[in-house]
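Listed below are the residues making up each chain.
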Amino acid sequence: MKIDLKRAHVLVAIVGVVLLILLIIVTFLRPKEETKTPTQKTEIKDIPGFLTEDEEKDWEKKKVDKTEVFIIVNTNLEVRKNMVDLNLANPPYSAYPLQIKITDESGGTTYYESEILNPGKYLEKVELQNLPGESGDYTAVIHYTFFAEKNSQNVVGEHTVTGQIVIP
């Protein structure tokens with residue numbers, strides 16, 4: 001049996017190039033592993049992205065205090081396609097579930113009413129209803145209702161603040 005050395009070299013070269021290409025593909029497409037020291041652990045955190053650095057620290061470390069109520073909310077609501085960045089948070093250190101209702105100044109028109117948010121929960125973007133048809137800045141009243149405990153209708157407190165709805 002006679003072997004053609006020229007063909008054998010070409011065949012070996014082709015196989016080598018194919019193997020090199022496969023090695024490169026496998027190397028670059030392989031998911032990168034995180035380097036961790038043995039004492040590091042991965043934690044999944046559910047912290048709103050709209051918090052300030054200080055609010056984030058409080059979110060993780062502050063203790064529950066039943067003598068105070070806590071809420072984080074944007075009171076300058078710029079409307080885009082009926083949506084606003086409400087950025088409403090009931091921090092985990094809050095002792096009470098809460099619900100908010102946004103109305104016009106007279107209280108006659110409701111723009112938004114949230115579900116009950118338990119401590120540690122938040123809403124970022126929400127859709128407003130019944131908005132005025134014209135561009136402008138409108139006074140809004142944000143009503144907070146605090147409940148005794150999860151799934152309870154026992155109201156322990158209410159509060160209101162004034163905000164602005166900005167319709168471009």
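Residues numbered from 1 in each chain as written. Predicted model: local features only at pLDDT ≥ 70, side-chain atom pairs only at ≥ 80, totals over all residues. Heavy atoms only, no water.

> Before we go on, may I ask you to explain the nonpolar core in this structure?
Grouped together as the largest cluster of nonpolar side chains are 22 residues, with contacts concentrated most on Leu 86, Leu 88, Ile 100, Ile 102, Tyr 112, Leu 128 and Ile 165. Among the elements that line this core, the one with the most residues is strand β6 (residues 136-147), at four residues. (Core = buried A, V, L, I, M, F, W, Y, C linked by side-chain atoms within 4.5 Å. Buried < 20%, exposed > 50% of the residue type's maximum accessible area, 1.4 Å probe, protein only. Helix = DSSP H or I, 4+ residues; strand = E, 2+ residues; numbered from the N terminus.)

> Explain unusual backbone geometry to me, please; I cannot follow it from the model alone.
If a residue is not glycine, its phi is most likely negative; likewise, a peptide bond is most likely trans. Despite not being glycine, Lys 81 shows a phi value in the positive range, around 55 degrees. Its place among the elements puts Lys 81 in the loop between β1 (76-78) and β2 (83-90). On the basis of relative accessible area, Lys 81 is assigned to the exposed category, the value being 81%. You will see that Asn 130, though not glycine, has its phi angle at about 55 degrees, which is positive.

> Would you mind going over the pairing of β2 with me for this structure?
In summary, the side chains of a regular strand alternate between the two faces of the sheet. Of all the eight residues making up β2, six are buried; the element is thus mostly covered by neighbouring parts of the structure. With six bridges joining them, β2 and strand β5 (residues 121-127) adopt antiparallel strand pairing. Each bridged residue has a counterpart across the sheet, and for Val 84 the counterpart in β5 is Val 126. (Pairing = 2+ DSSP bridges.)

> Help me understand the environment of Pro 48 in this model?
Among the secondary structure elements, Pro 48 is positioned in the loop between α1 (5-29) and α2 (53-61). Note on Pro 48: relative accessible area 1%, which makes it buried. Sequence separation between Pro 48 and Gly 120 is 72 residues; the distance between their C-alpha atoms is 9.5 Å. Excluding residues within four positions of it along the chain, Pro 48 makes contact with Trp 59 and Tyr 122. (Contact = heavy atoms within 4.5 Å.)

> Just to check I follow, could you spell out the sheet that holds β6 for this structure?
In any sheet, the strands associate via hydrogen bonds between backbone groups, in a parallel or an antiparallel arrangement. What the five strands build is an open sheet, ordered β1-β7-β6-β3-β4; its pairing is mixed. The open sheet has two edge strands with one neighbour each: β1 and β4 (110-113). Ignoring which end each strand starts from, the neighbouring axes of this sheet average 25 degrees apart. One ladder, built from three bridges, connects β1 with strand β7 (residues 155-167); its direction is parallel. Within the sheet, the bridge partner assigned to Glu 78 lies in β7 and is Val 166. (Axes fitted to C-alpha atoms, helices over the stretch in contact; angles between N-to-C directions.)

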